[in-house]
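# Geometric and topological summary
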Amino acid sequence: MLSSVLKSDKAIQTNMRIMRIFTKVRQMLLDTTEIKVDILHPEASGQKEIRESR
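Each helix and strand counted, the chain has 2 helices and 0 strands in total. With 54 residues in all, the chain has 7% of them scored as buried. Of the roughly 5,500 Å² that the chain leaves accessible, carbon and sulfur atoms contribute 60%.

If you want it as structure tokens, here you go:
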């Protein structure tokens, strides 16, 4: 990690910010995947399928 190499307060703070951003991006991807699964497979999420009437 950056902070272990440089051992400065700035490096530690930068490393912490990188890890927080990575965690947020990972959570956003997981949330998006769950929403996509809900849309593609509504029966799996307990939702009723919406069909277009023609």
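A word on a positive patch on the surface. On the surface, a cluster of positive charge is made up of Lys-10, Arg-17, Arg-20 and Lys-24. Along the chain, Arg-20 turns up in helix α2 (residues 9-40).

Taken together, the side chains of Ile-18, Met-19 and Phe-22 present a nonpolar region at the surface, about 290 Å² in accessible area. When you line up the elements, Met-19 lands in helix α2.

Cut-off values and rules
Residues numbered from 1 in each chain as written. Predicted model: local features only at pLDDT ≥ 70, side-chain atom pairs only at ≥ 80, totals over all residues. Heavy atoms only, no water. Helix = DSSP H or I, 4+ residues; strand = E, 2+ residues; numbered from the N terminus. Buried < 20%, exposed > 50% of the residue type's maximum accessible area, 1.4 Å probe, protein only. Areas by Shrake-Rupley, 256 points an atom, 1.4 Å probe, with all protein chains shown as cover. Patch = residues over 30% accessible without salt bridge, like charges linked within 9 Å, V, L, I, M, F, W, Y side chains within 5 Å. Salt bridge = Lys/Arg side-chain N within 4 Å of Asp/Glu carboxyl O. Lys, Arg positive; Asp, Glu negative; His and termini not counted. Charge placed at Lys NZ, Arg CZ, Asp CG, Glu CD.

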